[in-house]
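What the coordinates show
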Amino acid sequence: HSVRVALLALQVARGLGASREQLVQVGSAALLHDIGKSKVPQEVLFKQGRLSDEEWQWMAQHPRLGAQLLLEQHETVDPRAIGAAFCHHMRPDGGGYPQPAVPLLPCGSSRLVRVCDVFEALTSVRPYKRALTPIEAYAVMFRNECDFDPVWLRRFAHTLGLFPNGSRVTLRDGSLAMVTEQGERPERP
């Protein structure tokens, strides 16, 4: 999951013309965003069904646990990675979880990681759900648009398109094809 989130974030950052240094920062932040799950008990992390209230409390701590793990590395971890670990479940208005002790708004990297994280989770098979198609995932995300930074959500959708690279599509003539690159319009790769 974290590798796929990092690849999505890098694709968006690259599309914006990010420098090599910026790509390393964004990629690292995305790759480490869920590191706090390493501190969540395995039976909670891999539970097949719905989480109990107590199990949910454990899971909801993973952003705080991840930021703490990264902070313990002292100066070797980019602050953006710490921010992404802590803020990737926070909405642009500061809502979501965890609740910070003082008012806090997620930084740009954290907001991008949030979009990539949710899209990847929606389009992946999980023990408790089927994978949504990219179009279904966009529908869910745009239906809940206030949960995301609108600039990052639109940039993400524009970069990936409605049919991300690697998607199998049926052309008008009935032939099958695979998307290899995006066009100027998101619906026309």
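Scroll up a little and you will see the structure.
Everything numeric here is computed off the predicted structure, so don't read it as measured data. (Residues numbered from 1 in each chain as written. Predicted model: local features only at pLDDT ≥ 70, side-chain atom pairs only at ≥ 80, totals over all residues. Heavy atoms only, no water.)

Some remarks on the overall build of the protein
Assigned secondary structure in the protein consists of nine helices and two strands. Taken from N to C terminus, the helices and strands of the protein fall in the order α-α-α-α-α-α-α-α-α-β-β. With the C-alpha coordinates aligned to their principal axes, the bounding extent of the protein is approximately 55 × 40 × 25 Å. Expressed as a percentage of the 189 residues in the protein, the buried residues total 40%. Within the protein, contacts between residues separated by at least 24 positions form 51% of all contacts whose residues are at least 6 apart in sequence. If you sum the accessible surface of the protein, you get close to 11,100 Å²; carbon and sulfur atoms cover 57% of it. Taking the average location of the 22 positive side-chain charges in the protein and that of its 20 negative ones, the two points are 5 Å from each other. (Helix = DSSP H or I, 4+ residues; strand = E, 2+ residues; numbered from the N terminus. Buried < 20%, exposed > 50% of the residue type's maximum accessible area, 1.4 Å probe, protein only. Contact = heavy atoms within 4.5 Å. Areas by Shrake-Rupley, 256 points an atom, 1.4 Å probe, with all protein chains shown as cover. Lys, Arg positive; Asp, Glu negative; His and termini not counted. Charge placed at Lys NZ, Arg CZ, Asp CG, Glu CD.)

Considerations on the side chain of Glu-55
Relative to the helices and strands, Glu-55 is located in helix H4 (residues 53-60). Contact partners of Glu-55, with chain neighbours within four places excluded, come to Val-44, Lys-47 and Arg-50.

Brief notes about the pattern of salt bridges
Considering all chains together, one arrives at nine salt bridges under this definition. Two residues, Lys-37 and Asp-34, come together in a salt bridge whose shortest N-O distance is 3.6 Å. Taken together, the shared-partner salt bridges connect Arg-4, Glu-120 and Arg-126 into one network. (Salt bridge = Lys/Arg side-chain N within 4 Å of Asp/Glu carboxyl O.)

Points about helix H8 (residues 134-143)
Of all the positions in H8, only Ala-137, Tyr-138 and Met-141 are classed as buried. Along the axis of H8, the buried positions cluster into a sector of 100°, meaning they face one direction only. Elements in contact with the buried residues of H8: helix H7 (108-122) and helix H9 (150-160). (Arc of directions from axis to C-beta.)

Points about unusual backbone geometry
Residue Pro-98 is bonded to the preceding Tyr-97 through a cis peptide linkage, with omega at -5°. Here Pro-98 shows up in the loop between helix H6 (79-87) and H7.

Some words on the packing of helix H1 (residues 2-15) against H9
Interaxial distance between H1 and H9 falls to 9 Å at its minimum, and their mutual angle equals 90°. Here H1 is positioned roughly perpendicular relative to H9, judged by the angle of their axes. Packed against H1, whose contacting residues are Leu-8, Gln-11 and Val-12, the element H9 presents Trp-152, Arg-155, Phe-156, Thr-159 and Leu-160 at the interface. Of the residues contributing to the contact of H1 with H9, the split by class is five nonpolar, two polar and one charged. (Axes fitted to C-alpha atoms, helices over the stretch in contact; angles between N-to-C directions. Parallel < 35°, antiparallel > 145°, perpendicular 65-115°, else oblique. Nonpolar A, V, L, I, M, F, W, Y, C, P; charged D, E, K, R; others polar.)

Looking at the environment of Asp-173
Its location among the elements puts Asp-173 in the loop between strand E1 (168-170) and strand E2 (176-178). Classification of Asp-173 by relative accessible area gives exposed; the value is 63%. For the pair Asp-173 and Cys-87, spaced 86 residues apart in sequence, the C-alpha to C-alpha distance is 46 Å. Here the side chain of Asp-173 touches Ser-175 through a polar contact of 2.6 Å, side chain to side chain. (Polar contact = N/O pair within 3.5 Å; in protein donor to acceptor, adjacent residues only side chain to side chain.)

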